[in-house]
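Spelled out from the first residue to the last, the chains are:
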Amino acid sequence: MAELGVSEMERMNTFGIGADAQRGLGAGMTLPLLFLATVVWWIWQRHKANLESGLPGTFGLPFIGETLTYVAKMKSPLGNFVDEKTKRYNGAQAFKSSLFFQPTVIATEVETVKMIVAKEGRSFVSNYPSSFALLLGRFNGLNMNGENWKRLRKFVISHIMRVDLLKERMADIEDLVVRTLDSWADDEGRTIYVEDETKTIAFNITALIVLNLKPGKVSQTMQRDYYPLIEGMFSLPINLPWTIYGKATQARVRILKTLEEFLQSRTVKDDVFDNYVQLLQEELPPGSPPALKHEMGLDLLTSLLFAGHDTTAATMVFSVKYIGENPKVLAELRREHEELLKRKQPGERISWDDCKTLSFSNSIITETLRMCNISTTVFRKSLEDVHVGDYVIPKGWLVLPYFRAVHFNPSIYPDPYTFNPFRYQDAAGSKLPFFGFGGGARLCPGMDLARAELCLFLHHLVMKFESWELLGNDVVSYFPFPRLSARLPIRVKRRTPPQQPST
Ligand code: HEM
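Per an unreviewed UniProt entry, the protein carries the name Cytochrome P450 and comes from Physcomitrium patens. The UniProt entry for the protein carries the following text under Subcellular location (unreviewed entry): "Membrane".

Listed below in C-alpha cells is the structure:
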C-alpha cells in the first residue's frame, strides 16, 4: 500500500476495489473485536452484579449454570434443589444461581415472594423460557407483557371466565364429571388410573368452555397430542425427531392442524376464537395483518387448553391420593356434601353458588395445591435493581418467587408435610399466605372455574364411592410439573345404597 500513489488509491476507490478490500479488512478485524468486547462487557456486568447483589450462591458451569442439577433434583422425590441450597446458606431468604441460561435469584421468604408478584409490570415482568413461546405460541399469556398481555387478560376475564356464563355451564361441567365417575362405578373391580381419567375430565371441560367442543374424536386427538407438548415445555429447544423438544414441536403441529380443521367445520362462529380476533381487529394498530390476528387467536386457544386442563387434572389426582390416605378428611368431606344435598330438592343440580358455600371442600382444594404445588414458582425478570433487606436483586436477572418454600415453611404452616385441610377452618387459617393460583396482577383467571370443577369432582367422588384403595407405590416428581410415578392406580368401593340424586 505504501508504494501506491494517491491517484492509484483514488482509481482503486473509483472501481470500488480498494474500498472493498479496506472494508473487508475492517470488518474482518471489527467483528471479532466487537464480539470480544461484548463478551468482556457481559462477564464484567455479571461479575459486578454478582458482587453487588450480596446474595449467597454459585453460578455453576458456564452457560448451562446449575440447570441440570436443578432439573435432576426436581425429578427425584427425595432431592430438593431449593431446600438443600437454603440449608447450605444457613437459612438464606434468597440465593443466586444460574438457571435456564440466565443469572437467577430464587426467593424463599414470604414477604419477598409477595413483593415480587405484587410488583408485576413495574419492577418485574413475566419471563417464561423460550420453549414455552415456541410450543404454546408466542402470543400465549405467560410469555406476553405490556399491551397485548393486558388485552388478552381482559378478554379472558370478561368473555371466557365471566361468572354468569360459567354459571350456565355448570350442568354441562357436572355431566362431564359424572360421565367418567359413573364409568368407575360400572366396574368396581377394575384398576383405575386416576391420572388418565382426570386428564380426560379436565380436558373435556376446558374444551367445552374454550371451544364449545363436545367429547369425541376431535377432543381425543387433541388431548393425546397435548402430553408430548407439555413434556417439551422445559426441554432444551433442540429440534430433532428423537428429542423431547422435537416430539413436542411435532405435537404442536398436529394440535394446530386439528384446531384449524375444527374451526373451519364450525357452524356457529360467534365464539371465543372469532370474538377475540374481532377484538384484535378493533384494538390492534390499523393495517395489522390478518394472519397476525389469526395467529394470536390460535395461541389463545392452545394456551388456554394447556393452562386449564393439566393443572386442574393434577389437582384432582393429588386430592384423590391425599383424601384416600386420610379417613378423617374423607368423613368430614362426605358430611359436608350430605348436608348440601339435604338443602336441595331431589335431582336439583349443584350450582356455582353451592360450590362457594362448600368451605371444607375448598379447604381440601387449597391444601392439595399447597402440598402438591402445581406451580412451584412463576418466572419473572427484574426490570431494575430491587433492594430487599441487605441484598439486591440485580436488574435483568431471572427471578423465581418460590411458592413451594412458603407452602412448606413450618413457621407458617406447622407440620407442613401433613395433609391437613382443617388448618384453614378458623379465622387465622383463612389468612395464611397461599400462592396455589399465583398472585398479583397475574393471579390465575381460571381460579374460580377450577375450584368449581374440583368441587363437583369431590362431590361425586364421595357420593358415589364409600372409599378407594390406593394400589401403587407412587412417588412424586416435580419436573416439568408435579406427577405421580404410577399414575395413581386405585380400586373403588361403591356406596350402597347409592346416595346420588340423578343428574
Ligand atoms: C387447579 C388449577 C389451576 C392452577 C393451579 C393454576 C395456576 C396458575 C398460576 C400459578 C398462574 C400464574 C402464572 C404466573 O403468574 O406467571 C396461572 C395463570 C393462568 N391461568 Fe391458571 N391455574 C389453574 C387453572 C386454570 C384454568 C381452569 C384456566 C382457564 C381455563 C387457567 C388459565 C390461566 C391463564 C390464562 C393464566 C395466565 C394469566 C396471566 O398471565 O395473566 N388456569 N394459573
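And the narrative resumes.
1. Digging into the overall build of the protein
When you go through the protein residue by residue, the secondary structure sums to 18 helices and twelve strands. Of all intrachain contacts in the protein linking residues separated by at least 6 positions in sequence, the fraction that spans at least 24 positions is 72%.

2. Some words on the pairing of strand β1 (residues 94-99)
In terms of burial, β1 is largely enclosed, as six of its six residues are buried. Residue alternation in β1 divides its side chains into two sets, Ala94, Lys96 and Ser98 and Phe95, Ser97 and Leu99, and both sets are buried. Strand direction decides the pairing type here: β1 and strand β2 (residues 102-107), joined by six bridges, are antiparallel. Residue pairing across strands places Ser98 opposite Pro103, the latter belonging to β2. Hairpin connection, β1 to β2: the antiparallel pair is bridged by two residues, and Phe100 has positive phi, about 50 degrees.

3. Description of helix α12 (residues 272-283)
Here α12 contains twelve residues, and its C-alpha end-to-end distance of 16 Å stays within 8% of the 16 Å for a straight helix at 1.5 Å per residue. Looking at α12, one finds that the buried residues are Phe273, Tyr276 and Leu280. For α12, the buried positions fall inside an angular range of 70 degrees around the axis, keeping them on one side. For α12, the exposed residues set more than 90 degrees away from the buried face come down to Gln281 and Glu282. Packing partners of the buried residues in α12 comprise α7 (146-160), α11 (244-265) and α13 (290-324).

4. Some words on the site of the ligand
Around the ligand sit 25 residues in total, of which Gly308, Thr311, Gly438, Cys444 and Gly446 are the nearest. Elements that contribute at least two residues to the shell around the ligand include exactly α7, α13 and α18 (447-464). The dominant element in the shell around the ligand, judged by the number of residues it contributes, is α13, at six residues. When grouped by side-chain class, the residues that make up the shell around the ligand number twelve nonpolar, eleven polar and two charged.

5. Overview of the domain arrangement of the protein
Interfaces are often sized by the accessible area lost when the parts come together. With domains assigned, the protein is organised as domain 1 (6-51) and domain 2 (54-494). Taking only C-alpha atoms into account, the centre of domain 1 sits 49 Å from that of domain 2.

6. Points about unusual backbone geometry
With an omega of 0 degrees, the peptide bond between Phe479 and Pro480 qualifies as cis. Turning to its location among the elements, Pro480 is positioned in the loop between β10 (476-477) and β11 (483-484). Positive phi is not limited to glycine here, since Phe101 has a value of about 70 degrees. Although it is not a glycine, Arg487 sits at a positive phi angle of roughly 65 degrees. Using a count of 17 C-beta atoms within 10 Å as the deciding quantity, one classes Arg487 as partly exposed.

7. Some details on the sheet that holds strand β9 (residues 465-470)
Taken together, three strands build an open sheet; the order of strands is β4-β12-β9 and the sheet is antiparallel. Looking at strand neighbours, the two that pair on one side only are β4 (192-193) and β9, the edges of this open sheet. Across two bridges, the pairing between β4 and strand β12 (residues 489-494) is antiparallel. Bridge pairing in β12 links Ile192 to Ile490. Running at roughly 95 degrees to β9, α13 makes contact with β9 and β12 of the sheet.

8. A few points about the UniProt feature "binding site: heme" (unreviewed entry) in the protein
The residues that UniProt annotates with the feature "binding site: heme" (unreviewed entry) are Cys444. Considering the arrangement of structural elements, one finds Cys444 in the loop between α17 (403-407) and α18. For Cys444, the contacting residues outside a window of four places in its chain are Phe437 and Gly438.

9. Brief notes about α13
Taking 1.5 Å per residue as the helical rise, α13 with its 35 residues ought to reach 51 Å, and the 51 Å between its terminal C-alpha atoms agrees with that figure. Extensive coverage of α13 is indicated by the burial of 28 of its 35 residues.

10. Side note on the nonpolar core
In this structure, Ala107, Leu301, Val317 and Val399 are the most contacted members of the largest nonpolar core, which totals 111 residues. With 16 residues, the single largest contributor to this core is α13. Those residues in contact with Leu301, other than ones at most four positions away along the chain, are Val210, Leu211, Leu259, Val272 and Phe273.

Thresholds applied
Residues numbered from 1 in each chain as written. Predicted model: local features only at pLDDT ≥ 70, side-chain atom pairs only at ≥ 80, totals over all residues. UniProt positions renumbered as here; feature names shortened; annotations may be inferred. Helix = DSSP H or I, 4+ residues; strand = E, 2+ residues; numbered from the N terminus. Contact = placed C-beta atoms within 7 Å. Buried ≥ 20, exposed ≤ 12 C-beta atoms within 10 Å, placed from the backbone. Pairing = 2+ DSSP bridges. Expected span 1.5 Å × (residues − 1). Arc of directions from axis to C-beta. Near = placed C-beta within 6 Å. Nonpolar A, V, L, I, M, F, W, Y, C, P; charged D, E, K, R; others polar. Domains from an automatic or database assignment. Axes fitted to C-alpha atoms, helices over the stretch in contact; angles between N-to-C directions. Core = buried A, V, L, I, M, F, W, Y, C linked by C-beta atoms within 7 Å.

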